[in-house]
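Observations on the three-dimensional arrangement
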Amino acid sequence: MLRVGRAVACVACNNLVSKNMGVRFRMPLQKLHPLSRAIHHRYNASANAQRPPHCSAARHFTSMSRLPMRSPKPPPGGHGGWRYQQHRNFWMLRLASRLLKLRYIVLGSAVGGGYTAKKTYEEWKDMLPDMSAYNWVIPDFVWELSDQIDLDKLTKILPELEEIAKLLPELPDFDKIGENFTFLKSILSTEAPGDTPVKAATEAPVTATPEASDKQFKKSSDKEKVDQLQEELLRTQMKYQRMLERLEKENKDLRKVVLQKDEKGIHQRKIKVCKSLIDMYSEVLDILSDFDSNYNTQDHLPRVVVVGDQSAGKTSVLEMIAQARIFPRGSGEMMTRSPVKVTLSEGPHHVAMFKDSSREFDLGKEEDLAALRHEIELRMRKSVKEGQTVSPETISLSVKGPGIQRMVLVDLPGVISTVTAGMAADTKETIFSISKNYMQNPNAIILCIQDGSVDAERSIVTDLVSQMDPQGKRTIFVLTKVDLAEKNLASPNRIQQIVEGKLFPMKALGYFAVVTGKGSAGESIDSIKDYEEDFFQNSRLLRDGMLKAHQVTTKNLSLAVSDCFWKMVRESVEQQADAFKASRFNLETEWKNNYPRLRELDRNELFEKAKNEILDEVISLSQVTPKHWEAILQKKLWERVSTHVIENIYLPAAQTMNSGTFNTTVDIKLKQWTDKQLPHKALEVAWETLQEEFARFMAEYKGKDQDDIFDKLKEAVKDESIKRHKWNERAMDSLRVIQHNALEDRSITDKPQWDAAIQFMEETLQARLKDTDSVINDMVGPDWKQRWMSWKNRSPEQHTRNETRNELERLLKLHEDHTAYLANDEVTTVRKNLEGRGVEVDPALIKDTWHQLYRRHFLQKALQHCNLCRRGFYYYQRHFVDSELECNDVVLFWRIQRMLLITANTLRQQLTNTEVRRLEKNVKEVLEDFGEDNERKVHLITGRRVQLAEDLKKVREIQEKLEAFIEALHKEK
């Protein structure tokens, strides 16, 4: 290694030996400059008498600042003059030889150029994460030489070296040496300490002496030399870049071959770990996206969040990193309507797959790419709720392929400044909220995309990013469409200001400039890469030093982002695992204290348990006895139709006081009733009975071991099943025929049926009579006993009705066979009689009171007649037409009773054979629908117990996956 101020001249072997930290580098003397070689031979000729042994007695040069500037005085004595002259000649030759050793440095204006090349190359090399594999490309002497040159010391001694050279005119080519000293001084001496030697050379002119012999050097200007140096450096960088690309392509092909093999080897096992590592991390992020805990254990795991203004090129940058055109595209229209999480990993084939789907999309086939873009667009539109434009729901997608950098990116909707027609009014605020939600993660890497083809002042996203990351510790700035920017901008220096972080107030870790195509939707990724590389190779932005080589191309961007991502992951993942471990302990402690005897069932497990209980309750309906079904059906059906039978059939027919008219009226009204109302009423009763029995079984289970947390769910399932249930219309038609035939039959076959009909009639009439008495009592108010005992008084209206009742009862006593209707003259008579007692009565009140009094009077007479008919079965059986005892009303009630019995039997058969099974089917369908609707499950199965179990399950799962990921991460190291 060459080192200034420490050199050893080995005379015996004509070699120049230098020492540096124990390393030796030998350079043959024949390869030195002719001037240096001549001076070296003169030095050897003067020292023949005392030649040192080989390499062991070499003389060392001291620092140039310690060289003597005057010759020493001769010693006293006679023979001292010759010896002094010999010593003086030797000293001058030795001084010249030592000075000319500096020629190895002066001639090394290559030293400054080598240092500049090395420094620029290191800046360019920083963009590559792993250059150790390609160290063989760079010559070793460049690294070693640049490490040993002390430019500050060299700059200080240059003026002294120049003066010393001028004091030795007898030596050849010293003028040229002085000229080179001056040029080297102009390169290294700069006013600003931060400037590079190349930049200083372009600013300081070269002062050459008139006696210079190198005319070609005088003609060339410093600017031309610097330009030549920059061009040479750029060619070297491009050469290394092409070499690296060739090596990476070969490496990519080899890795693809290895991944496709089924053999079990070391390399394959290592690649499998690398392949699965990012997938494990992505699974953790998927679980965390749904995690919401009350213990402030927030998701702080890193993601690469891609944000930018609308149409700034976010999606294009992401596609270049994924190496496939996977996203829907539109001309100026908002295409990204929800966050898309893309997990990038290495694999043998270039494929894509959704998290919740098993279908693989071959990204090498255009039809699969089109299907993938269509599927992403459908999922985005499906996630957007009605009345909204964007959605916070995340779509998870994984992309694998050879050579793809491993990381997790989230593409967010583009930030907009104005809400246009067709958008929801809160679209702008919603996009800001979604972006802030992702960027506020302290470990999220923000990939800020800025459109370089538009004015920088129009950017919105930079202000947003500055708010979320003021120090720029996790932000990477990307300037897109640089080709358009270079073409359109009047001052390309603005691009340099942007990538140097001087134009925006936003700070960032790194600044990159990329080109993502010519703007055509049909461009392939390979063509975009070629266009990007060609542009930057020919761009004056890179040639003039406005951009640095490591700041351009999406390839360099993806390498830098991947390194930053994994660095952030390694720094934060263990801390995140510890946080979830502490949260798990807190949750388990709360459960142990509040629910010590209950299992930790989450919402899905509770739903499955409730589902089984509900199905068991539905199945229990088939165990109900036929007798029970018929009894409750008959009872409920009569309760539903009794009012119609009494008010619209029996009373109008019985009040005619004629047997023939009674039967005719009854037959007509029964036929009308059967055709229009009775079957519908019967089916309604059957369905209500089924519901009541279903509810009764649920209540019985609830009283035993049922959990009250299922109440809302069961009620909702019951209501939804009832809403969906529809009875078969054919069953209604057949029921109508059965009911019509039952009501047409008048033949009572035996005495028990007769007695049952009489009992049924008595119970019905007594119930009606009781209701009528209650209505009359409410009309006339409390009687004298209640007034005296309970201190109650009648209202004026009740007093009037009481007086009217007394008058009408006297009329009924005089005419017991009075018809149901009160004649007008009778109304007038009653009114006058009341007026005579000082009671003013309205005719309508008189008729209303008469209706209730006559109804009670008629029901009382009907009950007396029913009692007489108990022994009338003999006359009915022998068809004694002339008999004074006519029991047509008993026959009517027998017909109604028989119809009820037959209808109940028919409905029971339909329930047990058809409707219970259909209800069970409906319940199953409702439960399946509820099981797929997470929002409904959250609404129906709720409570602190459920939320606590949910959090426990998620925290345990997250912790386990984090620990597995950390273990795999340590193995990869």
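You'll find the structure just up there.
The following paragraphs examine the structure supplied in this document.

**Quick look at the overall build of the protein**
Helix and strand counts for the protein stand at 35 helices and twelve strands. When the 973 residues of the protein are sorted by exposure, 46% land in the buried category. Contacts in the protein between residues at least 24 apart in sequence constitute 78% of all its contacts with a sequence separation of at least 6.

**What about the side chain of Glu 915?**
By the element assignment, Glu 915 lies in helix 33 (residues 888-932). If we ignore the near neighbours within four places in the chain, the residues touching Glu 915 are Leu 690, His 725, Trp 727, Asn 728 and Gln 910.

**Digging into the state of the cysteines**
For the structure shown, the criterion picks out one disulfide. Linked covalently through their sulfurs, Cys 869 and Cys 887 form a disulfide whose S-S length is 2.1 Å. Between Cys 869 and Cys 887 the sulfur-sulfur dihedral comes to about -100 degrees; the bridge is accordingly left-handed. Here Cys 887 lies in the loop between helix 32 (873-878) and helix 33 and Cys 869 lies in the loop between helix 31 (843-868) and helix 32, a separation of 18 residues in the sequence. Of the two residues examined, Cys 869 and Cys 887, each falls in the buried class. Cys 866 takes part in no disulfide bond, and the closest cysteine sulfur, belonging to Cys 869, lies 6.7 Å away. On the basis of relative accessible area, Cys 866 is assigned to the buried category, the value being 0%.

**Details of the sheet that holds strand 9 (residues 407-411)**
Strand order in the open sheet made by the nine strands is 7-6-8-5-9-4-10-11-12, with mixed pairing throughout. In this open sheet, the two edge strands, each paired with only one partner strand, are strand 7 (361-362) and strand 12 (510-513). Pairing analysis gives four bridges linking strand 6 (residues 351-354) to strand 8 (residues 395-401), with the strands arranged antiparallel. Residue pairing in the sheet places Val 351 in a bridge with Lys 400 of strand 8.

**Thoughts on the environment of Val 830**
For Val 830, the location among the structural elements is in helix 30 (residues 824-836). Spatially, the C-alpha atom of Val 830 lies 6.6 Å from that of Glu 807, the residues being 23 residues apart in sequence.

**Observations concerning the nonpolar core**
Counting residues in hydrophobic clusters, the biggest one holds 99 residues, and the most contacted among them are Tyr 650, Trp 673, Trp 754, Ile 896 and Val 923. Sorting elements by how many residues they give to this core places helix 33 first, with 17 residues. When residues no more than four places from it in sequence are discounted, the contact partners of Trp 673 are Val 641, His 644, Val 645, Ile 649, Leu 678, Ile 896 and Met 899. Ile 278, Ile 287, Val 399 and Ala 949 belong to the second-largest nonpolar core, a separate cluster that totals 67 residues.

**Structural notes on the packing of helix 22 (residues 626-654) against helix 27 (residues 751-780)**
Across the interface, helix 22 lies against helix 27 with an axial gap of 12 Å and an inter-helix angle of 85 degrees. The angle between helix 22 and helix 27 falls in the class roughly perpendicular. Between helix 22, through Trp 638, Ser 642, Thr 643, Ile 646 and Tyr 650, and helix 27, the contact on the second element is made entirely by Phe 760, Met 761, Thr 764, Leu 765 and Arg 768.

**Remarks on the environment of Asn 604**
By the element assignment, Asn 604 lies in helix 21 (residues 603-620). With 334 residues separating them along the chain, Asn 604 and Val 938 place their C-alpha atoms 9.6 Å apart. With residues near it in sequence (within four places) discarded, Asn 604 still touches Lys 937 and Glu 950. Reaching out from Asn 604, the side chain makes a polar contact with the side chain of Lys 937 at a distance of 2.6 Å.

**A closer look at a nonpolar patch on the surface**
A cluster of nonpolar residues, Trp 784, Trp 788 and Met 789, forms a patch on the protein surface that exposes about 500 Å² of accessible area. Under the relative-accessibility criterion, Trp 784 is labelled exposed at 59%.

**Points about helix 20 (residues 554-594)**
In this model, helix 20 (41 residues) spans 55 Å end to end at C-alpha, consistent with the 60 Å of a helix rising 1.5 Å per residue. Along helix 20, the sharpest kink reaches roughly 35 degrees, centred on Ser 572.

**Remarks on the packing of aromatic side chains**
Going through the model one piece at a time under the given rule, you end up with 17 aromatic pairs. Taken together through their ring pairs, the aromatic side chains of Trp 638, Tyr 650, Phe 760, Trp 850, Tyr 854, Phe 858 and Phe 893 make up a single cluster. Positioned above the aromatic ring of Phe 354 is the side chain of Arg 379, whose terminal nitrogen or guanidinium carbon lies 4.1 Å from the ring centre. Seen from the ring of Phe 607, Lys 937 lies directly overhead, with NZ or CZ sitting 5.5 Å from the centre.

**Re the pattern of salt bridges**
In the structure shown here, the tally under the stated rule is 48 salt bridges. We note a salt bridge from Asp 755 to Lys 751, for which the minimum N-O separation is 2.6 Å. Of this pair, Asp 755 and Lys 751 both sit in helix 27, four residues apart, which is roughly one turn of that helix. Given the relative accessible area of 31%, Asp 755 is considered partly exposed.

**Side note on the packing of helix 22 against helix 31**
For the pair helix 22 and helix 31, the least separation of the axes is 12 Å and the interaxial angle reads 75 degrees. As summarised for this structure, helix 22 and helix 31 are arranged roughly perpendicular, according to the angle between their axes. Contacts between helix 22 and helix 31 involve Ile 646, Glu 647, Tyr 650, Leu 651 and Ala 654 from the former and Arg 855, Phe 858, Leu 859 and Ala 862 from the latter. Of the residues that constitute the contact of helix 22 with helix 31, the class distribution is seven nonpolar, no polar and two charged.

**Let's talk about unusual backbone geometry**
Phi is positive for Ser 311, close to 65 degrees, though the residue is something other than glycine. Residue position: Ser 311 is located in the loop between strand 4 (304-308) and helix 12 (314-322). Its relative accessible area of 45% is what places Ser 311 among the partly exposed residues. Of note in this structure, Gln 323 is not a glycine but carries a positive phi near 65 degrees. Locating Gln 323 in the fold gives a position in the loop between helix 12 and strand 5 (340-346).

Criteria and thresholds
- Residues numbered from 1 in each chain as written.
- Predicted model: local features only at pLDDT ≥ 70, side-chain atom pairs only at ≥ 80, totals over all residues.
- Heavy atoms only, no water.
- Helix = DSSP H or I, 4+ residues; strand = E, 2+ residues; numbered from the N terminus.
- Buried < 20%, exposed > 50% of the residue type's maximum accessible area, 1.4 Å probe, protein only.
- Contact = heavy atoms within 4.5 Å.
- Disulfide = S-S within 2.5 Å.
- Pairing = 2+ DSSP bridges.
- Core = buried A, V, L, I, M, F, W, Y, C linked by side-chain atoms within 4.5 Å.
- Axes fitted to C-alpha atoms, helices over the stretch in contact; angles between N-to-C directions.
- Parallel < 35°, antiparallel > 145°, perpendicular 65-115°, else oblique.
- Polar contact = N/O pair within 3.5 Å; in protein donor to acceptor, adjacent residues only side chain to side chain.
- Patch = residues over 30% accessible without salt bridge, like charges linked within 9 Å, V, L, I, M, F, W, Y side chains within 5 Å.
- Areas by Shrake-Rupley, 256 points an atom, 1.4 Å probe, with all protein chains shown as cover.
- Salt bridge = Lys/Arg side-chain N within 4 Å of Asp/Glu carboxyl O.
- Expected span 1.5 Å × (residues − 1).
- Bend = angle between axes of the 7 residues up to and from the residue.
- Phe/Tyr/Trp six-rings, centres within 6.5 Å; stacked < 30°, edge-to-face > 60°.
- Lys NZ or Arg CZ within 6 Å of the ring centre and 35° of its normal.
- Nonpolar A, V, L, I, M, F, W, Y, C, P; charged D, E, K, R; others polar.

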